[in-house]
Amino acid sequence: MKKYKLVLLAFLSVCVYCACVEDKGNYDYIELNDMTIQPLEKKYTVELFSQVKIAPEITLKTGTFNPDNYTYLWMLYTIFSDPFTADTLSLEKDLDIEISALPRDYQLHYQVKDKETGLICTQTTEFTVINSFSMGLMALSRVNDDANLTFINVLDQITEDAYEKINGEIAGKNPKGLRLIGDGMLSDANPTVVIMTDDERGGTVINSRDLVSIMDFSEMFYFKLETVKPQVFMKNEFAIIEFVINDGGIYKRDVMGNGFYPKYGVKLKGDYEYMAPFEFHDMSVAYFYDQVKQRFMYMPGPMQGNSVIELNDIATEEPNPEDPGKVVIGAFNPNDVGLHMLWGGLFGQDYAKKYGRAVMEDEEGERYLLSFEAIPGPDFMPLHKFHVSTEGIKEAKTFTTSQNGTFLYYAYKNKIVCVSFSSGMVVNTYEFADGQRVDYVECDQKNNINHLWVGVSDGSKAKQSGSIVIMDMSTDGSLKEVTRYENVCGQIVDFEYKE
C-alpha cells in the first residue's frame, strides 16, 4: 500500500509540474497566452512562525494587468508522505502569512486563473519549514569527558550545548558517535538521533525534530544487553531494515510497519567473533568485517535473513595439480585479508552504494589502502591493495572519503593529507595554522557532496576549545576553506547532517 501511495504521489507531482508551459531552459519568466508571471524561487527555507511574503509580478503582453480579473490560490502540500496533506494558505495574489506548518519538506503551489477564459497557470516549488533543530549540521564533541552537541541549522543559527539546554542534563560520558536513523523513504519509524557514549547508558536516543530525549540506547532492544557498547548504526536510503553493531555483535530491526520506535532483536547468528564498527550496507545486501578472523562476511537478503555467512571463494583459473590452492582474483582475498580494519565503508550514489574503501593495519603497524566493489548478489570484487607509507599515515586516527570515493583524506597534527585510492600516492596536503589540531574529518555524503567537515581544536578538550570548518573538495584533491564556526564546541568526534 505504501509503495502504491509513493507512485501515486510522484504521478500527481508530475501532473502539477506539467500544468505550466514547456520548460525551455529560460527561468526568467513563465508565460501563459498573453500573461507573464515572474517565477517563484527554486526553493524556500523558512523558520516556523516566521512571516512569509511572496509577491509575484504579473504582466500582460497587451494592456494593463488588473488583479480583479483573476483568482488566486496558494497551497502547501506534503511530498512522499503518509498521510498526504494539503493546506490552502491564501486566496490573495500575494502571499503574506505566518507559517505554522510542521517542520518538514513541502511543495508550494501557486495558481492564477483567468475569470473570463478559465485559463490557469501554475507554479510549484520546493518549500521547507524548519525550527531551530529540524535541519542542519550536528557536531558531537568531547568537553572534558562529557558528550556535547552543537547544532548549526540551515539558516546558520548556532546552538551550543544543544542537548543539555533542551534536556537539562548531559548526554553521557566519553562520546563515540552520532547517527540519524529511522528516516528512510519506506520507514514507518520516527526519525531519531542516537548519541553514542562509552558509559553505562551507552548513549541516548533523541527526537529528530526537537532533540528531546526519548530513551537510553539500551532501551532500543527487546532484551537486556549483557554489554552496552554501541559502535555503529547501519542503514540504507530505503531503510526497511537497520543494523546496529554493539560490542562486536550484529543486531537488526525492521523499521517498516513495526511502530514508531521499533526495537532490535537478538544477536545475528554466524561464524564471526567481533565485527568492525564500520558501515557496509547497500539497498539489498549488508557486508561486515570480522576483526578477529580478519575477513569480510555478508548477510544475504537483509529483510529475511538472521545470520551472516562467508563470501564465496573466488578463483582466476582451475587449480594447478601441483598447487591445489585457488588463485585469488584481485589484490587481496576477502576471506583471508589478514589485517585489522581502522576505517571503512560503502560509498556511491544513493540506492547504489557499491564502492568499498578501507584503511587497514598489520601487526607491525604498517598501513594499507583497500578498495573493492560490493555489488548485490553478492559479487565482491577486490580492486586495490596499497601499502601506504605517506606523511603522517601511521599517526592518523581519522579518515574519510567522498561519495564517489576517489580520494582518501586523513588527518594528523594540523594537516589533512589527500591520497589517491587508485595509486596510494599523496595528491595534496592542506595545513592549518600552528597551534590547531585536526581532531576529526568527514565528507558530507548527502547535503553537499563536495564539502568536507573538519573539527579542529587546541587539544585541551575544554569548552569552546574547538571549531568547525567547512571545506570545498576540488577534483584534484585540493581543499579550500569555505566557512568557519569559531569556538563552538570541544574536541569533535563525529558529524551528522539532519534533513
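Residues numbered from 1 in each chain as written. Predicted model: local features only at pLDDT ≥ 70, side-chain atom pairs only at ≥ 80, totals over all residues. Heavy atoms only, no water.

Q: For this particular structure, what's the right way to read the overall build of the protein chain?
A: Each helix and strand in the protein chain was counted, giving 2 helices and 37 strands. The long-range share in the protein chain, meaning contacts at least 24 apart out of those at least 6 apart in sequence, stands at 53%. If you sum the accessible surface of the protein chain, you get close to 23300 Å²; carbon and sulfur atoms cover 48% of it. (Helix = DSSP H or I, 4+ residues; strand = E, 2+ residues; numbered from the N terminus. Contact = heavy atoms within 4.5 Å. Areas by Shrake-Rupley, 256 points an atom, 1.4 Å probe, with all protein chains shown as cover.)

Q: Could you clarify how one ought to interpret the confidence of the model for the protein chain in this entry?
A: Keep in mind that low pLDDT regions are not for reading the predicted coordinates in detail. Looking at the protein chain as a whole, the pLDDT averages 86, with 87% of positions reaching at least 70. Note that pLDDT drops below 50 for residues 1-31; the model gives that stretch 40 contacts with residues more than four away or on any other chain. (pLDDT = per-residue confidence, 0-100.)

Q: Looking at this model, I keep getting lost on empty space enclosed by the protein. Mind explaining?
A: Left-over empty space is what a probe sized like a water molecule reveals as it rolls over the atoms. Within this structure, the stated rule accounts for 3 cavities of 30 Å³ or more. Surrounding the largest cavity, Asn-190, Thr-192, Val-205, Met-215, Met-220, Arg-253, Phe-260, Tyr-261, Pro-262 and Lys-263 form its lining. Its residues assigned to classes, the lining of the largest cavity comprises 6 nonpolar, 2 polar and 2 charged. Here the second largest cavity defines a volume of roughly 40 Å³. Forming the boundary of the second largest cavity are Ala-147, Asn-148, Leu-149, Asp-161, Tyr-163, Glu-164, Glu-169, Ile-170, Ala-171 and Ile-195. (1 Å grid on protein atoms, 1.4 Å probe; cavity = no way out; pocket = protein on both sides within 12 Å on 5 of 7 lines; lining within 4 Å. Points joined across faces, edges and corners; volume = space filled by probe spheres on them. Nonpolar A, V, L, I, M, F, W, Y, C, P; charged D, E, K, R; others polar.)

Q: Help me understand the side chain of Asp-199 in this model?
A: Tracing the backbone through its elements, the reader meets Asp-199 in the loop between strand 15 (192-197) and strand 16 (203-207). Lacking a salt bridge, the buried Asp-199 has Arg-201 as its closest oppositely charged neighbour, with an N-O distance of 5.8 Å. A polar contact of 2.9 Å, which involves the side chain of Asp-199, links it to the side chain of Thr-197. Sequence-distant contacts of Asp-199, that is, excluding residues within four places in its chain, are made with Gly-172, Lys-173 and Val-228. (Buried < 20%, exposed > 50% of the residue type's maximum accessible area, 1.4 Å probe, protein only. Lys, Arg positive; Asp, Glu negative; His and termini not counted. Salt bridge = Lys/Arg side-chain N within 4 Å of Asp/Glu carboxyl O. Polar contact = N/O pair within 3.5 Å; in protein donor to acceptor, adjacent residues only side chain to side chain.)

Q: What's the story with the pattern of salt bridges in this structure? I'm lost.
A: Where side chains of opposite charge bring their charged atoms close, a pairing between them can arise. Inspection of the entire model under this criterion finds 20 salt bridges. Here Lys-415 makes a salt bridge to Glu-391, at a shortest N to O gap of 2.8 Å. Placement of the pair is Lys-415 in strand 31 (residues 415-420) and Glu-391 in the loop between strand 28 (379-388) and strand 29 (398-401), with a sequence separation of 24 residues. The shortest N-O distance in the salt bridge between Arg-437 and Asp-439 comes to 2.8 Å. In this structure Arg-437 comes out as partly exposed when scored by relative accessible area, which is 34%. Residue Asp-439 is classed as buried on the basis of its relative accessible area, which comes to 15%.

Q: Hey, could you run me through the packing of aromatic side chains in this one?
A: The final tally for this structure, using the stated rule, is 25 aromatic pairs. Plain terms: the ring middles of Phe-217 and Phe-221 are 5.4 Å apart, the flat faces sit at 75° to each other, and that makes the pair edge-to-face. For Phe-217, a relative accessible area of 0% gives the class buried. Consider the rings of Tyr-440 and Phe-495, whose centres lie 5.9 Å apart with planes at 45°: the pair is tilted. (Phe/Tyr/Trp six-rings, centres within 6.5 Å; stacked < 30°, edge-to-face > 60°.)

Q: For this particular structure, what's the right way to read the sheet that holds strand 9 (residues 104-114)?
A: The strands that make up a sheet are held in pairs by hydrogen bonds between backbone atoms, and each pair lies either parallel or antiparallel. Spatially, the 5 strands line up as an open sheet ordered 3-10-9-6-7, and their pairing is mixed. Pairing within the sheet leaves two strands with one partner each, and these edge strands are strand 3 (43-47) and strand 7 (86-90). Direction aside, neighbouring strands of the sheet carry axes that sit 30° apart on average. As defined by bridge partners, strand 6 (residues 70-78) adjoins strand 9 across 9 bridges and the pair is classed as antiparallel. (Pairing = 2+ DSSP bridges. Axes fitted to C-alpha atoms, helices over the stretch in contact; angles between N-to-C directions.)

Q: Would you mind going over the state of the cysteines with me for this structure?
A: Two cysteines, two sulfur atoms, one covalent bond between them: this is a disulfide. Within the structure shown, the criterion is met by 0 disulfides. Cysteine Cys-443 shares no disulfide, and the gap to the nearest cysteine sulfur, in Cys-418, comes to 9.3 Å. (Disulfide = S-S within 2.5 Å.)

Q: Would you mind showing me how to read a nonpolar patch on the surface here?
A: There is a patch of nonpolar side chains on the surface, built from Ile-214, Phe-260 and Tyr-261 and spanning about 280 Å² of accessible area. Inspection of the secondary structure assignment puts Ile-214 in strand 17 (residues 213-216). The class of Ile-214 is partly exposed, set by a relative accessible area of 30%. (Patch = residues over 30% accessible without salt bridge, like charges linked within 9 Å, V, L, I, M, F, W, Y side chains within 5 Å.)

Q: I tried to follow the environment of Met-35 on my own but got confused; where do I start?
A: Considering the arrangement of structural elements, one finds Met-35 in strand 2 (residues 35-37). Remark: the alpha-carbon pair of Met-35 and Asp-114, spanning 79 residues in sequence, is separated by 9.8 Å.

Q: Would you explain the sheet that holds strand 21 (residues 269-270) in this entry?
A: Read across the sheet, 4 strands follow the order 21-24-23-22 without closing on themselves; strand pairing throughout is mixed. Here the strands that pair on one side only, and so sit at the sheet edges, are strand 21 and strand 22 (285-290).

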